[in-house]
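Descriptive structure summary
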Amino acid sequence: MKQTTGTAERGPAVVFTGTVKTFGRAEAAVRAVDGIDLEIGRGETVALLGRNGAGKSTTISLLLGLNDPDSGTVRLLGRSPDEAVRAGLVGAMLQDGRPIPRVTVRELVRFVASTYPHPMPVGDALALAGVTAYADRRVDKLSGGQTQRVRFAVALAGDPELVVLDEPTAALDVEARRTFWRSMRSFAGRGNTVLFSTHYLEEADENADRIVVIDRGRIVADGSGDRIRGAAGGSLVSFDLAGAPSDGLELLPGVVGVEVRADRALLRTDDSDATVVELARIGAVRGLSVSRATLEDAFLALTAPADSPSRPVGSGSASHPAARSEETL
């Protein structure tokens, strides 16, 4: 049975309030986290998405207390990050790390568990991570997928209330990724909170209750996969321009984004029926097709450069339907 702590059932698991982190000095300074406000409830599984350099890794480092914010605050389970980590309330699986030579999986997990005040039974951590079958093998003799699951077992060793996973399935093959996510869902099913970053959008869609998209250090979308698809235009309507100009397409009913590829227009729309009716009225129906937008379509649109024609109308402002925090500090 999971160890109950004094923070149980009191407030959210994660709270960022006006959090800012800048690297560098003067004109060369880079604001990696630009005024993030974010709250994650206990028991939620949340995916953090963003392009390289968007601010994901810095956000995670602030959450774990590896860096301090320049302004604003970060609270985990009602405590500062340092206090929560020291209390064994947080487990982390980061991208960096090398296998420890000459120790078995069981020995490694047992040692890590011994450093926490209320650790998970070693057998439970091994089982949840799916590594029981090779628990007595040396860590440095395992495959990449097996090693990644051992790192997950290590993150679980302290029986944390919150586990943070930074690109946990990077470089794993398809089967190893599926096995890992089965293990993660078992852990989340115990009522634990999970925050993970990933470049695999289908992983976010399949395994997260909620998706948070970060771009240029800000949250640009926050909600379910369906909500985020809708925020960037829930449908794609495309047709052949046949040499006609593309001017004014962004003014069509329902259209929230326009992209032109060669001689074909792609319209992101939150009302495909209204868009198609208007296109039919003006005779723009050559090669017409309608499809549901994917999470990848939405992600690319939400994180496109500000002057890109494919960026949704209103993206980056508080009026954006999936935006929760867009203030500039």
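See the structure printed just above.
Presented here is an overview of the structure given in this document. Remember, it's a predicted structure, so these values are computed and weren't measured experimentally. (Residues numbered from 1 in each chain as written. Predicted model: local features only at pLDDT ≥ 70, side-chain atom pairs only at ≥ 80, totals over all residues. Heavy atoms only, no water.)

Each helix and strand in the protein chain was counted, giving 10 helices and 13 strands. The buried share of the protein chain, reckoned over its 329 residues, is 50%. Counting only carbon and sulfur atoms, one obtains 50% of the accessible surface of the protein chain, whose full area is about 15100 Å². (Helix = DSSP H or I, 4+ residues; strand = E, 2+ residues; numbered from the N terminus. Buried < 20%, exposed > 50% of the residue type's maximum accessible area, 1.4 Å probe, protein only. Areas by Shrake-Rupley, 256 points an atom, 1.4 Å probe, with all protein chains shown as cover.)

One non-glycine residue with positive phi stands out, namely R102, at about 65 degrees. Mapped onto the fold, R102 is located in the loop between β5 (90–93) and α3 (105–114). Judged by its relative accessible area of 63%, R102 falls in the exposed class. One non-glycine residue, E167, lies in the positive phi region at around 50 degrees. Structurally, E167 can be placed in the loop between β6 (162–166) and α6 (174–188). E167 gets classed as buried once you look at its relative accessible area, which sits at 7%.

Taken in spatial order, the three strands make up an open sheet running β2-β1-β4, and their pairing is antiparallel. Of all strands in the sheet, those bounded by a partner on one side alone are β2 (30–40) and β4 (71–76). Adjacent strand axes in the sheet meet at a mean angle of 25 degrees when their direction is disregarded. In terms of strand pairing, strand β1 (residues 14–23) meets β2 through eight bridges, oriented antiparallel. What sits directly across from T19, in β2, is I36. Along the sheet face, helix α1 (residues 56–63) touches β1, β2 and β4 and points at about 120 degrees away from the line of β1. (Pairing = 2+ DSSP bridges. Axes fitted to C-alpha atoms, helices over the stretch in contact; angles between N-to-C directions. Contact = heavy atoms within 4.5 Å.)

To continue, consider the sheet that holds strand β7 (residues 193–197). The sheet built from six strands is open, its strands ordered β5-β6-β7-β3-β8-β9 with mixed pairing. If you trace the sheet from one side to the other, it starts and ends with β5 and β9 (218–223), each paired once. When strand polarity is set aside, the average angle formed by the axes of neighbouring strands in this sheet is 15 degrees. Summarising the sheet, strand β8 (residues 210–215) and β9 pair through five bridges and their orientation is antiparallel.

Let's shift gears to the pattern of salt bridges. Per the stated rule, a full pass over the model turns up 20 salt bridges. Between D226 and R229 there is a salt bridge, with its nearest N and O atoms 2.6 Å apart. Here the residue D226 and the residue R229 both occupy positions in helix α8 (residues 225–231), the gap between them amounting to three residues, near one helical turn. Using a relative accessible area of 8% as the deciding quantity, one classes R229 as buried. (Salt bridge = Lys/Arg side-chain N within 4 Å of Asp/Glu carboxyl O.)

Looking at where N192 falls in the secondary structure, it is placed in the loop between α6 and β7. Separated by 3.1 Å, the side chain of N192 and the backbone oxygen of P160 make a polar contact. (Polar contact = N/O pair within 3.5 Å; in protein donor to acceptor, adjacent residues only side chain to side chain.)

Inspection of the secondary structure assignment puts T17 in strand β1. C-alpha separation for the pair T17 and S71, spaced 54 residues apart in sequence, amounts to 9.1 Å. Setting aside residues up to four positions removed in sequence, T17 forms contacts with I36, D37, G72 and T73.

A few words on α6. With 15 residues, α6 should reach 21 Å at 1.5 Å per residue; the first-to-last C-alpha distance of 21 Å fits that figure. Where α6 is concerned, the buried positions are A176, R177, T179, F180, W181, S183, M184, F187 and A188. By the N-cap criterion, in which a side-chain oxygen at the helix start approaches the backbone nitrogen of a residue two or three places on, α6 is capped by D173, the distance to E175 being 3.3 Å. (Expected span 1.5 Å × (residues − 1).)

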